[in-house]
Amino acid sequence: MAIRDKTLKLCSCNKTIPLDAAALGSALKSGSPITVHTELCRKEAGQFQAALGDESLLVGCTQEAPLFGELAEAAGSRAELRFVNIREMAGWSAEGGQATPKIAALLAAAALPEPEPVPNVEYKSAGQVLVIGPSVAALEWAGRLAGVLTPNVLITSGMGGELPAERSFPVWSGKPLRVSGWLGAFEVEWLQENPIDLDVCTRCNKCIDVCPENAIDFSYQIDLEKCKAHRQCVAACGEIGAVDFSRAERARKESFDLVLDLSKEPLLRVPDLPQGYFAPGTDPLEQALAAAKLTQLVGEFEKPRFFVYREKICAHARSGIEGCNRCLEVCSTGAIRADGDHVRVEPHLCAGCGGCATVCPSGAMTYAYPRVSDIGMRLKTLLSTYREAGGADACLVFHNTEAGRQAVQAVGRKAVRGGKGLPARAIPFEVFHIASIGLDTLLGAICYGASQVVVVSTKESEHYVAALREQMALGEVILNALGYEGRHFELIQEIEPLWQLKPAATVAKPATFNLSPEKRTTLDFELDHLARNAPRKVEEIPLPAGAPFGALVVNKQTCTLCKACIGACPESALLDAADAPRLRFIERNCVQCGLCAETCPEDAIQLVPRLLFGPQAKEAVTLNEAEPFHCVRCGKPFGTRQMVDSMLGKLGGHSMFAGDGALRRLQMCGDCRVVDMMENRAEATIFDFKK
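The model shown is predicted, which means the values in this text are computed figures rather than measured ones. (Residues numbered from 1 in each chain as written. Predicted model: local features only at pLDDT ≥ 70, side-chain atom pairs only at ≥ 80, totals over all residues. Heavy atoms only, no water.)

Peer 1: Help me understand the overall build of the chain in this model?
Peer 2: The secondary structure content of the chain amounts to 21 helices and 32 strands. Over its C-alpha atoms the chain spans a radius of gyration of 34 Å, topping by over 25% the 26 Å that the globule rule assigns to 691 residues. Across its three principal directions, the C-alpha atoms of the chain cover 105 × 90 × 45 Å. Residue pairs at least 24 apart in sequence account for 69% of intrachain contacts in the chain once pairs closer than 6 positions are excluded. With 73 positive and 83 negative side-chain charges, the chain shows a separation of 4 Å between the mean positions of the two kinds. (Helix = DSSP H or I, 4+ residues; strand = E, 2+ residues; numbered from the N terminus. Rg over C-alpha atoms; globule rule 2.2 N^0.38 Å. Contact = heavy atoms within 4.5 Å. Lys, Arg positive; Asp, Glu negative; His and termini not counted. Charge placed at Lys NZ, Arg CZ, Asp CG, Glu CD.)

Peer 1: Sorry, what's going on with the pattern of salt bridges here?
Peer 2: Side-chain pairs of opposite charge can arise where the charged atoms are in close proximity. Across all of its chains, the model carries 25 salt bridges by this definition. For the salt bridge of Glu 540 with Arg 610, the shortest nitrogen-to-oxygen distance reads 3.2 Å. With Glu 540 in strand β25 (residues 540–542) and Arg 610 in strand β29 (residues 605–612), the pair connects residues that are 70 residues apart, well separated along the chain. Across the pair Asp 576 and Lys 563 runs a salt bridge whose closest N-O atoms are separated by 2.5 Å. Of this pair, Asp 576 sits in the loop between β27 (574–575) and β28 (582–586) while Lys 563 sits in the loop between β26 (550–554) and α17 (564–568), and the two are 13 residues apart along the sequence. (Salt bridge = Lys/Arg side-chain N within 4 Å of Asp/Glu carboxyl O.)

Peer 1: I keep staring at the sheet that holds strand β8 (residues 171–173) and nothing clicks. Help me out?
Peer 2: Through backbone hydrogen bonds, the strands of a sheet pair up, either in parallel or in antiparallel fashion. Spatial ordering of the open sheet is given by β8-β7-β6-β12-β13, a layout of five strands whose pairing is parallel. Taken across any chain shown, the strands that pair with only one partner, and hence form the sheet edges, are β8 and β13 (277–278). Where strand β6 (residues 128–133) meets strand β12 (residues 258–261), four bridges bridge the pair, whose relative direction is parallel. Of the residues in β12, the one forming a bridge with Val 131 is Leu 260. On the sheet, helix α6 (residues 135–145) packs against β6, β7 (150–155), β8 and β12 and is oriented at approximately 160 degrees with respect to β6. (Pairing = 2+ DSSP bridges. Axes fitted to C-alpha atoms, helices over the stretch in contact; angles between N-to-C directions.)

Peer 1: Would you mind going over the packing of aromatic side chains with me for this structure?
Peer 2: Aromatic ring pairs are reported here in terms of the distance separating the ring centres and the angle at which the planes meet. Summed over the entire model, instances satisfying the criterion amount to eleven aromatic pairs. Residues Trp 172 and Phe 256 carry aromatic rings whose centres are separated by 6.0 Å and whose planes lie at 70 degrees to one another, so their mutual orientation is edge-to-face. Taken together, the residues Trp 172 in strand β8 and Phe 256 in strand β11 (residues 251–256) connect sequence positions 84 residues apart. Here the aromatic cluster, defined as three or more aromatic residues joined through ring pairs, consists of Phe 48, Phe 68 and Phe 83. The residue whose ring lies beneath Arg 378 is Phe 429, and the NZ or CZ to ring-centre distance is 4.0 Å. (Phe/Tyr/Trp six-rings, centres within 6.5 Å; stacked < 30°, edge-to-face > 60°. Lys NZ or Arg CZ within 6 Å of the ring centre and 35° of its normal.)

Peer 1: Would you mind showing me how to read the nonpolar core here?
Peer 2: Note that soluble globular proteins tend to have their nonpolar side chains buried in a common cluster. Judged by nonpolar contacts, the single largest core of 85 residues is most densely connected at Leu 107, Leu 396, Phe 398, Leu 498 and Leu 530. Element by element, the count of residues in this core is highest for helix α5 (residues 100–110), at eight residues. Setting aside its immediate chain neighbours within four residues, Leu 498 contacts Cys 395, Val 397, Leu 422, Pro 423, Ala 426, Val 454 and Ile 492. Core analysis: the next-biggest nonpolar cluster, separate from the first, contains 57 residues, Ile 155, Leu 198, Cys 327 and Cys 356 among them. (Core = buried A, V, L, I, M, F, W, Y, C linked by side-chain atoms within 4.5 Å. Buried < 20%, exposed > 50% of the residue type's maximum accessible area, 1.4 Å probe, protein only.)

Peer 1: Please explain empty space enclosed by the protein as it appears in this structure.
Peer 2: With a probe scaled to a water molecule rolled over the atoms, the places where space remains empty come into view. For the coordinates displayed, the defined rule picks out twelve cavities of 30 Å³ or more. Lining the largest cavity are 16 residues, and of these Ala 357, Tyr 367, Val 372, Ser 436 and Asp 440 sit closest to its centre. Contributions of two or more residues to the lining of the largest cavity are made by α11 (355–359), β20 (365–367), α12 (372–388) and α14 (439–447). Around the second largest cavity, the lining comprises 15 residues; the ones closest to its centre are Cys 331, Cys 350, Ala 351, Cys 353 and Cys 356. (1 Å grid on protein atoms, 1.4 Å probe; cavity = no way out; pocket = protein on both sides within 12 Å on 5 of 7 lines; lining within 4 Å. Points joined across faces, edges and corners; volume = space filled by probe spheres on them.)

Peer 1: Honestly, the sheet that holds strand β24 (residues 489–492) in this entry has me stumped. Any pointers?
Peer 2: The strand order across the open sheet formed by four strands is β22-β21-β23-β24, and the pairing between neighbours is parallel. Whereas interior strands pair on both sides, the edge strands pair on one side only; in this sheet they are β22 (426–430) and β24. Put simply, the sheet's adjacent strands are angled 25 degrees from each other on average, direction ignored. Inspection of the sheet shows strand β21 (residues 395–399) paired to β22 by five bridges, in the parallel sense. Considered in β22, the bridge of Leu 396 is made with Ile 427.

Peer 1: Whenever I open this one, the state of the cysteines confuses me. Can you help?
Peer 2: Should the sulfur atoms of two cysteines be covalently bonded, the bond is a disulfide. Scanning the entire structure with this criterion turns up zero disulfides. In this structure Cys 237 is not part of a disulfide, and its nearest cysteine sulfur, from Cys 204, lies 6.5 Å away. Note on Cys 237: relative accessible area 14%, which makes it buried. Its sulfur unpaired, Cys 360 is 6.4 Å from the next cysteine sulfur, which belongs to Cys 324. (Disulfide = S-S within 2.5 Å.)

Peer 1: So what exactly am I meant to see when it comes to the packing of α5 against α12 here?
Peer 2: The angle between the axes and the distance between the axes are what describe a pair of packed helices. Relative to each other, α5 and α12 sit at 145 degrees, their axes nearing to 8 Å. Seen along the crossing, α5 lies across α12 with a hand that is right-handed. Residues Pro 101, Lys 102, Ala 104, Ala 105, Leu 106, Ala 108 and Ala 109 of α5 touch α12, and the partners they reach there are Thr 381, Leu 382, Thr 385 and Tyr 386. Tallied by class, the residues present in the contact of α5 with α12 amount to eight nonpolar, two polar and one charged. (Left-handed = near helix turned anticlockwise from the far one by under 90°. Nonpolar A, V, L, I, M, F, W, Y, C, P; charged D, E, K, R; others polar.)

Peer 1: What is the right way to read the environment of Leu 561 from this model?
Peer 2: With respect to the helices and strands, the residue Leu 561 is situated in the loop between β26 and α17. Along the chain, Leu 561 and Leu 183 lie 378 residues apart, while their C-alpha atoms are 52 Å from each other. Filtering out sequence-adjacent residues up to four positions away, Leu 561 remains in contact with Pro 581, Arg 582, Leu 583, Asn 624, Glu 625, Ala 626 and Thr 640.

Peer 1: When you look at the pairing of strand β1 (residues 7–11) in this model, what are you seeing that I'm missing?
Peer 2: Regular strands have side chains that alternate between both faces of the sheet. In terms of residue burial, β1 counts as a mostly covered element, since four of its five residues are buried. Of the strand pairs in this sheet, β1 and strand β3 (residues 56–59) are connected by three bridges, and their pairing is parallel. Across the sheet, the residue bridging to Leu 8 is Leu 58, located in β3. Bridge count between β1 and strand β2 (residues 36–37): two bridges; the pairing is parallel. Pairing of Cys 11 across the sheet is with His 37, part of β2. Handedness of the crossover joining β1 and β2 through helix α1 (residues 21–28): right-handed. (Right-handed = clockwise from strand over helix to strand, strands pointing away.)

Peer 1: Help me out: how do you make sense of the pairing of β29 in this one?
Peer 2: Pairing of β25 with β29 involves three bridges; the strand directions are antiparallel. Looking at the pairing, Glu 540 lines up with Leu 612 of β29.

Peer 1: Just to check I follow, could you spell out α6 for this structure?
Peer 2: Turning to α6, its buried residues are Ser 135, Ala 138, Leu 139, Trp 141, Ala 142 and Leu 145. Looking straight down α6, one finds its buried side chains confined to an arc of 165 degrees; they lie on one side. Against the buried residues of α6 lie β6, β7, β8, β12 and α9 (284–294). (Arc of directions from axis to C-beta.)

Peer 1: In this structure, what is going on with the side chain of Asp 676? I would like to understand it.
Peer 2: Within the secondary structure, Asp 676 is located in helix α21 (residues 670–679). Asp 676 has contacts with Arg 633, Gly 661, Arg 665 and Met 668, leaving out every residue within four places of it along the chain.

Set out below in structure tokens:
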């Protein structure tokens, strides 16, 4: 929806934001004068209410969004309400008077349609929670949660606590082995280590009464350091059988909706824990916060399915030979695992960071919500509006929806008493997670006219810093080689350094194409545009190892043109030829996964990371060709002379090929070989040789 289709409500927040109504109206092509309010949330609230009959309202304030929402609900309005922060993000700044282009850009981007919906991932939780930890803490929290959730307890160290007088919830003891799953579908496995099985124990106290070492207390667990193996407790327990020092079946497994892990170290060792699993450690405050969150996780929930996976072009493996493992290595939740020649993603564990799509060289893994095309449209709208409004040297500041947003807004709030806020050229760009900012997005921003792209890193994104730096370094190598001077990409933790960041060179003519959901297609458009407008014309750029672009070098002396590499290539970069034994290669299709080199039986292939420009990058070139070998019986070509000669040399001394007839058969095509075998029935077979 265009800005002119919306009712725009701007407020100068008691005249603290320098808003130029005429300049904004011109930049936004609103078609009508823009009214700037001074106290829209207070004495001018009536003017907001008067506009609630319109179809769509765009309000330049996020602080009072709850109030405006309440006013709309009270009025029974069906108007679509959208809010955009122009105060902390633009107006509250030492350069607030120069921020009109940025304000116009933020408003224009906020007016864009919402991303198209994608399928949802559903969770169902009935409130069955397992509390894991020492008996005192675990039993106490189970009792507190009993009013809201259905508690279960797994005691990991039993001495020092007492089981409740009423058996109001299940209690087990043992050593946790594995926790897996997600909200509503956790599986926990443990070993029953103590001789007393709490699930069977009736708590009759006989074992406590007869134990001569007082090794059993009211936790109903045996202190094995005190126990002298009198086994009087076994006799006292009798037919109940809760006490068993020689228990054979010790493995236990149960399912739960939620897990509260009070262990010193979390049982799940992944950077991002699955929803429904909380590991606050031994800190009482953190335990209380985790318990409060657990109580909110009962019912049915859903989230977007953030990814799309196309296994056909996945470069993970072929025929059991591994190639690319980047998505498995970068995933912070363990949602991705190897599955034969491909990978499998568990959508319930996926946190939607987009890191897998960022590092995927082929585009087999794609970020689906929002799509790259949606992000590209926002980038294009932001930068084109900013430029047309007179802005220059745009610096995009990517940040996430939580800690990153707070960091950016905090700088704006402190733009008094020595604070400076954001520079007028620094345009905030909010994403769900910064891990989704890959090479295609970075170069796309430059193609649309951005001078720089800065990504705000927070504690939430620490796991992805290395991958982001790798993407930025690769983009910087390409841009600098093309003559675009300066530093274009930065990863920062503090906002203040933006004021010291010098603008970098960008394209003289911004791109008009849209970013595509197809990653390699998007990169092709971007690279061609950057090369076409580059200050320096180059045909080839050497790239660091691991780059997703490059060539192949084939050792023609050892390559037999068996073409196993063609079958291993998932990207159609290696091609056959119908008319002759020939290995062809399209460089722009190659993602440097290495499957061809790993598959080659002669180790004849070497990867050469580089970026080639011009038509030759997209045309098939011949890497190797050979003289065809013709069948000695019918004359039909069926292989290469080098391959047949190599085969004869390796098998000539084998007992199965001792006769001239057998060796001659190796020089026949498949059809003639069968005919020849049928005509020579007296010839030895494998069945004639005893073991």
